[in-house]
Amino acid sequence: MPLARFPKFVFTNDEVLSVAAEVAHFGQNPLKDMVPEWKVFNQNGEMLANDKLPQSDIGFGNGSLGNISLPLDFVKEAGQFKLELSFGTHTNDWDFWVYPADLPETDVTDILVTDTLDEAAIALLEKGGKVLLLGAGKVEKGKDVVQYFRPVFWNTSWFQMRPPHTLGILTKPDHPALAEFPTEFHSNLQWWELLHNQQVMNLDNFPKDFKAIVQPIDTWYVNRKLGLIFEAKVGEGRLLVCSADLDSDLDKRIVARQMRHSLLNYMQTDAFDPAFAVSAEIVTEIFTEGDYDLYDVHTAGSPMDLIP
């Protein structure tokens with residue numbers, strides 16, 4: 001089995017992809033005169049780079065095949081890529097992501113970026129303005145839902161309803177808000193920074209058919225309508241809300257920086273036209289302390305039973 005030891009899975013285009021190529025072989029016989037080959041593909045399946053590693057014999061156990069090195073300055077836009085490593089008839093592959101090291105300034109003169117939907121923000125929306133509400137750390141309705149970045153099998157049914165409560169996310173890769181944030185319809189490793197220990201919003205009081213742009217999937221025992229990023233019309237204006245941290249240490253948190261860039265650019269286009277209208281009150285409720293049927297879903301009984 002070809003293996004690749006990545007130091008990380010998210011890069012900027014001023015970095016070099018440097019990956020240790022390895023092998024685990026427990027077959028019937030040693031493999032003679034193997035010439036490992038690596039290839040890098042974009043999301044469209046186009047091969048962008050390839051090379052061979054030194055010829056070697058592969059004995060039993062784990063061993064090294066050499067090092068894969070590729071400058072990433074050929075990447076001009078944020079993208080998802082695939083590294084494929086093979087020898088003989090054996091192939092393995094891994095996804096990785098590359099973002100621009102330098103992002104152009106986004107004109108936000110007609111966008112209010114705020115962490116509070118206060119009277120000024122509501123007044124702007126009522127007049128037809130645009131507001132980006134970054135509510136990380138301020139969520140009240142939904143704060144009982146604990147979100148980590150875990151595989152789905154690490155879930156509440158195993159641990160008597162202890163956290164984490166969410167089971168990944170559901171999103172639309174072709175939504176224009178994510179035009180500059182490459183993603184599939186589910187979470188992958190580039191989402192770790194935006195999901196792990198980040199708050200989610202409880203949108204149970206929103207319209208029945210309302211769907212968030214990024215929807216964390218709740219434990220199936222409770223199945224609340226959750227949101228990480230959503231948009232809505234408020235008054236005559238347009239509102240975009242995110243409960244993940246898109247503010248702090250953006251020089252180091254390149255995933256959060258890229259998401260913020262994508263959202264702001266989306267808000268400057270005609271595509272920013274939310275399908276649902278909601279009241280300002282239903283949004284402010286998310287960030288206001290109150291009795292929101294918060295309850296401890298932990299049970300000392302069978303992990304397959306939800307005991308109130």
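A brief report on the enclosed structure follows. (Residues numbered from 1 in each chain as written. Predicted model: local features only at pLDDT ≥ 70, side-chain atom pairs only at ≥ 80, totals over all residues. Heavy atoms only, no water.)

Some thoughts on the overall build of the protein chain
- Helix and strand counts for the protein chain stand at four helices and 18 strands.
- Counting only C-alpha atoms and orienting by the principal axes, one finds that the protein chain spans roughly 70 × 55 × 30 Å.
- Within the protein chain, the fraction of its 308 residues that count as buried is 49%.
- As displayed, the protein chain has an accessible area near 15,400 Å², and 50% of this comes from carbon and sulfur atoms.
- Distance between charge centres in the protein chain, computed from 25 positive and 45 negative side chains, equals 3 Å. (Helix = DSSP H or I, 4+ residues; strand = E, 2+ residues; numbered from the N terminus. Buried < 20%, exposed > 50% of the residue type's maximum accessible area, 1.4 Å probe, protein only. Areas by Shrake-Rupley, 256 points an atom, 1.4 Å probe, with all protein chains shown as cover. Lys, Arg positive; Asp, Glu negative; His and termini not counted. Charge placed at Lys NZ, Arg CZ, Asp CG, Glu CD.)

Quick word on helix α3 (residues 254-267)
- Between the first and last C-alpha of α3 there are 20 Å, a value that for 14 residues agrees with the 20 Å anticipated at 1.5 Å per step.
- With 13 of 14 residues buried, α3 lies mostly within the body of the structure. (Expected span 1.5 Å × (residues − 1).)

What about the sheet that holds strand β3 (residues 16-25)?
- Strands sit in the order β1-β3-β8 across an open sheet of three strands; the sheet is antiparallel. Edge positions in the sheet fall to β1 (2-5) and β8 (61-71), since each has one partner strand and no second. With direction set aside, neighbouring strand axes in the sheet form an average angle of 30°.
- Two strands pair when backbone bridges link them, and β3 and β8 are joined in this way by 10 bridges, in the antiparallel orientation. Along β8, the bridge assignment pairs V19 with I68. (Pairing = 2+ DSSP bridges. Axes fitted to C-alpha atoms, helices over the stretch in contact; angles between N-to-C directions.)

Observations regarding the packing of aromatic side chains
- If you walk through the whole model with that rule in mind, you get 13 aromatic pairs.
- What links up through ring pairs into an aromatic cluster is the set F6, F9, F11, F74, F81, W94 and F96. (Phe/Tyr/Trp six-rings, centres within 6.5 Å; stacked < 30°, edge-to-face > 60°.)

Looking at the environment of M47
- Following the sequence through the fold, M47 ends up in strand β6 (residues 47-52).
- Taking the relative accessible area as the measure of exposure, M47 reaches 43% and is therefore partly exposed.
- Residues M47 and K82, 35 residues apart in the sequence, show an inter-C-alpha distance of 9.3 Å.
- What M47 contacts, discounting residues up to four positions off in sequence, is K39, V40 and F41. (Contact = heavy atoms within 4.5 Å.)

Description of the environment of E119
- Mapping E119 onto the fold places it in helix α1 (residues 119-126).
- Between the alpha carbons of E119 and A280 there is a distance of 9.9 Å; along the sequence they are 161 residues apart.

Examining the pattern of salt bridges
- Evaluation of the coordinates by the stated rule reveals 13 salt bridges.
- Between K138 and D115 there is a salt bridge, with its nearest N and O atoms 3.2 Å apart. Pair noted here: K138 is in the loop between β12 (130-134) and β13 (166-171) and D115 is in the loop between β11 (111-114) and α1, with a separation of 23 residues, a long-range link.
- According to the relative accessible area criterion, D115 is partly exposed, its value standing at 37%. (Salt bridge = Lys/Arg side-chain N within 4 Å of Asp/Glu carboxyl O.)

Observations regarding the sheet that holds strand β5 (residues 37-41)
- An order of β2-β10-β9-β5-β6 is seen for the five strands of this open sheet, with the pairing classed as mixed. Of all the strands in the sheet, just β2 (10-12) and β6 have a single pairing partner and so form its edges. Across the sheet, the mean angle from the axis of one strand to that of its neighbour is 25°, orientation sign disregarded.
- Sheet topology places β5 next to strand β9 (residues 79-87); five bridges connect them, and they run antiparallel.

Section: unusual backbone geometry
- Notably, N197 is not glycine yet its phi reads approximately 60°, a positive angle.
- In this structure, N197 sits in the loop between α2 (192-195) and β14 (201-202).
- A residue is classified by how much of its surface remains accessible, and N197, at 54% relative accessible area, is exposed.

Considering the nonpolar core
- Formed by 32 residues in total, the largest nonpolar core has its most connected members in W191, L194, I229, L240, L246 and M259.
- For this core, the secondary-structure elements that each account for two or more residues are β10 (90-99), β12, α2, β18 (237-242) and α3.
- The element that contributes the greatest number of residues to this core is α3, accounting for eight residues.
- Not counting residues within four places of it along the chain, the set of residues in contact with L194 comprises F181, L228, A244, L246, V255, A256 and M259. (Core = buried A, V, L, I, M, F, W, Y, C linked by side-chain atoms within 4.5 Å.)

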